[in-house]
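# An overview of the molecular structure
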Amino acid sequence: MNHPTIRHPSTRPRPQGRARSGFTLIELLVVISIISILAGMLIPAINLVRELANQTKCASNQRQIAMAMMVYANQNEGIWPVRATKADGSQDAANPTPLAFATTIGSFEFLATQMGELPRQLFSCPSEPHYRPTLAPEPTLDVAGPAISAWTNAVTGPGGNLSHSPAYAYDWSVPSNASSMRVVLADRGVANLAHKKLAVACFFDGHTGKLPRLAGAPVGATANLDGSAIATWQYLNPDASGATADDIYDPAGDDGIMVGPGTGSPTRTWVR
């Protein structure tokens with residue numbers, strides 16, 4: 001009687017055409033190359049969408065600040081909120097030489113005090129995280145006597161840091177009869193401006209817009225509050241009119257001596 005031969009499983013012949021497992025090195029390199037190409041195509045698009053979102057948020061911040069300023073101006077005979085401030089953050093009547101940059105900070109604090117608690121995030125451009133106040137606008141007293149704020153002191157006081165400054169420049173010389181294209185607030189025109197070739201600005205009637213940067217190199221190198229040099233780009237407001245070119249930054253830079261509240265041109269577009 002013949003008995004069937006029993007084979008051990010390990011000795012059975014493998015079926016022909018059985019799919020192999022794993023990938024070859026070439027296949028892995030091809031997959032990695034495809035992923036790299038796709039990432040290279042998607043990352044610029046993601047960055048563009050992020051920057052557009054930041055510009056929208058920046059415009060929203062400026063609009064909210066400007067609306068609060070308009071409410072204040074309506075309650076104060078058309079005069080925009082302003083607190084003339086020196087480089088050390090004081091308002092000393094014996095030495096009344098305010099600087100535009102410091103006055104912007106002081107005026108924002110004054111506005112926040114007069115119009116209720118404004119979130120400090122409003123004063124920070126989302127594309128420029130270095131310009132972010134670390135302290136909420138809060139008036140205090142300097143030991144020498146003149147009024148000084150915690151925010152101003154953190155920026156310009158002993159050991160202060162300019163990177164805590166607000167991201168927006170403010171023109172307090174806007175008159176009550178200004179045109180709708182008169183710039184009130186705008187991104188600062190420093191050389192490392194967050195939005196590169198655009199400046200987001202807020203106008204007298206509350207609308208916002210994006211203004212193109214003029215060709216050429218930054219101009220108006222002056223001494224900054226910390227003693228360093230600052231260069232300012234010029235941005236054009238093509239819809240405004242005036243005696244001279246309607247850029248939105250004074251060539252003297254952010255630290256020029258301030259003009260009186262409400263005494264500016266209704267069409268001129270400088271901000272400080």
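Residues numbered from 1 in each chain as written. Predicted model: local features only at pLDDT ≥ 70, side-chain atom pairs only at ≥ 80, totals over all residues. Heavy atoms only, no water.

Moving on, we come to the overall build of the chain. Counting its secondary structure elements, the chain contains three helices and eight strands. Going through the 272 residues of the chain one by one, you find that 42% of them count as buried. Considering only residue pairs separated by 6 or more positions, the chain has 60% of its internal contacts joining residues 24 or more positions apart. (Helix = DSSP H or I, 4+ residues; strand = E, 2+ residues; numbered from the N terminus. Buried < 20%, exposed > 50% of the residue type's maximum accessible area, 1.4 Å probe, protein only. Contact = heavy atoms within 4.5 Å.)

Let's shift gears to the packing of aromatic side chains. According to the stated counting rule, one finds five aromatic pairs in the structure shown. Where Tyr72 meets Phe110, the ring centres are 5.7 Å apart and the plane angle is 80°; that geometry is what we call edge-to-face. Taken together, the residues Tyr72 in helix α1 (residues 25–75) and Phe110 in helix α2 (residues 100–114) connect sequence positions 38 residues apart. With respect to burial, Tyr72 and Phe110 carry one shared label: buried. Feature note: the residues Phe108, Phe123, Tyr170 and Trp172 constitute an aromatic cluster, connected by ring pairs. (Phe/Tyr/Trp six-rings, centres within 6.5 Å; stacked < 30°, edge-to-face > 60°.)

This part is about the nonpolar core. Residues Ile65, Met69, Trp80, Phe108, Tyr170 and Leu185 are the most contacted members of the largest nonpolar core, which totals 31 residues. Elements with a minimum of two residues in this core: α1, α2, α3 (150–156), β3 (168–170), β4 (183–187) and β5 (198–203). The leading source of residues in this core is α1, at eight residues. Apart from the residues within four sequence positions on either side, Met69 is in contact with Trp80, Pro81, Phe108, Leu111, Tyr170, Val184 and Leu185. Of all hydrophobic cores here, the second largest spans 14 residues; its members include Met181, Ala186, Leu211 and Tyr249. (Core = buried A, V, L, I, M, F, W, Y, C linked by side-chain atoms within 4.5 Å.)

For the rest of this paragraph, the subject is the sheet that holds β3. The strand order across the open sheet built from four strands is β3-β4-β5-β6, with neighbouring strands paired in antiparallel fashion. The sheet is open, and its two borders are formed by β3 and β6 (208–212), each paired with just one other strand. Pairs of neighbouring strands in the sheet enclose a mean axial angle of 30°, with direction left out of account. Across three bridges, β3 lies against β4 in antiparallel orientation. By the bridge assignment, Tyr168 is partnered in β4 with Asp187. The sheet contacts of α1 involve β3, β4, β5 and β6, and relative to β5 the element is tilted by about 25°. Each of β3 and β4 touches α2; the most contacted strand, β3, lies at about 90° to it. (Pairing = 2+ DSSP bridges. Axes fitted to C-alpha atoms, helices over the stretch in contact; angles between N-to-C directions.)

Taking burial as the measure, the six residues of β5 include five buried ones, the bulk of the element. As judged from the three bridges shared by β4 and β5, these two strands associate in the antiparallel manner. Pairing of Val183 across the sheet is with Phe203, part of β5. Pairing of β5 with β6 involves five bridges; the strand directions are antiparallel. Each bridged residue has a counterpart across the sheet, and for Leu198 the counterpart in β6 is Pro212. Between β5 and β6, which follow one another and run antiparallel, lie four residues, and Gly206 among them has a positive phi close to 100°.

Before going further, it helps to spend a moment on the environment of Tyr249. Structurally, the position occupied by Tyr249 is in the segment after β8 (229–232). A relative accessible area of 1% places Tyr249 in the buried class. Remark: the alpha-carbon pair of Tyr249 and Trp270, spanning 21 residues in sequence, is separated by 4.8 Å.

This part takes up α1. End to end, α1 covers 74 Å across 51 residues, agreeing with the expected 75 Å (1.5 Å per residue, within 8%). Phi for Glu77, located one or two positions after α1, is positive at around 55°. (Expected span 1.5 Å × (residues − 1).)

Of note, Glu77 is a non-glycine position whose phi angle comes to about 55°, a positive value. One can find Glu77 in the loop between α1 and α2.

Let's shift gears to the pattern of salt bridges. Tallied over the full model, the rule gives three salt bridges. Note that Arg83 and Glu109 form a salt bridge whose closest N and O atoms lie 2.6 Å from each other. Linking Arg83 in the loop between α1 and α2 with Glu109 in helix α2, this pair joins segments that are 26 residues apart in sequence. Assessed through its relative accessible area of 1%, Glu109 is described here as buried. (Salt bridge = Lys/Arg side-chain N within 4 Å of Asp/Glu carboxyl O.)

By themselves, these observations are geometric and do not establish any function.
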